[in-house]
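Each chain is listed here by its residues.
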Amino acid sequence: MGGIIKFNCYKCGHVWEIFHGYPLFSNSMSLFCNKCGKSITIEKDPDSYKCECGGTFEVSPEHYYCPECGSADNDGGKCVGLWD
Ligand SMILES: [Zn+2]
Ligand SMILES: [Zn+2]
């Protein structure tokens, strides 16, 4: 089961949804470095995960960043539903 996450861009006002393989803050999920694109799978809270390149591991950056303006300045996503 996964989650439907809704993002609101603070910069341009664009709203989009993603279908995540796991609920956004589940115990295990894939993260991607925001600089070099390297991925890791983590078991715990991702807040302080840093990549060796100096970037930060984040949830699916291709969705986490606004697809319209590319800004990362959004509300961080809200879970609006679940899917099987
Ligand atoms: Zn935007
Ligand atoms: Zn990196």
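Residues numbered from 1 in each chain as written. Chains lettered and ligands numbered in written order. Predicted model: local features only at pLDDT ≥ 70, side-chain atom pairs only at ≥ 80, totals over all residues.

Right, let's talk about the overall build of the chain for a bit. Secondary structure assignment for the chain yields 1 helix and 6 strands. Starting at the N terminus, the α and β elements of the chain follow one another as β-β-β-β-β-α-β. Each of the 84 residues in the chain was classed as buried or not, and the buried ones make up 10%. Once local pairs closer than 6 in sequence are excluded, the contacts in the chain between residues at least 24 apart make up 51%. (Helix = DSSP H or I, 4+ residues; strand = E, 2+ residues; numbered from the N terminus. Buried ≥ 20, exposed ≤ 12 C-beta atoms within 10 Å, placed from the backbone. Contact = placed C-beta atoms within 7 Å.)

Turning our attention to the environment of C51. Take C51: it is sitting in the loop between strand 4 (39-42) and strand 5 (57-59). Accessibility expressed as a C-beta count within 10 Å gives 18 for C51, which makes it partly exposed. Sequence separation of C51 and N34 is 17 residues, and the distance between their C-alpha atoms is 8.9 Å. Residues contacting C51, with those up to four places away along its chain left out, are C33, K35, C36, K38, T56 and F57.

Let us look at the environment of T41. Within the element layout of this structure, T41 appears in strand 4. Exposure remark for T41: the 8 C-beta atoms within 10 Å place this residue in the exposed category. With 16 residues separating them along the chain, T41 and F57 place their C-alpha atoms 9.9 Å apart.

Glancing now at the confidence of the model for the chain. Summary statistics for the chain give a mean pLDDT of 74 and a share of 64% for residues scoring 70 or more. Taking the mean pLDDT of every element in the chain, the minimum, 57, falls on helix 1 (residues 61-64) and the maximum, 81, on strand 1 (residues 2-8). Below pLDDT 50 for its whole length, residues 23-27 participates in 8 contacts with residues either more than four positions away or in separate chains. (pLDDT = per-residue confidence, 0-100.)

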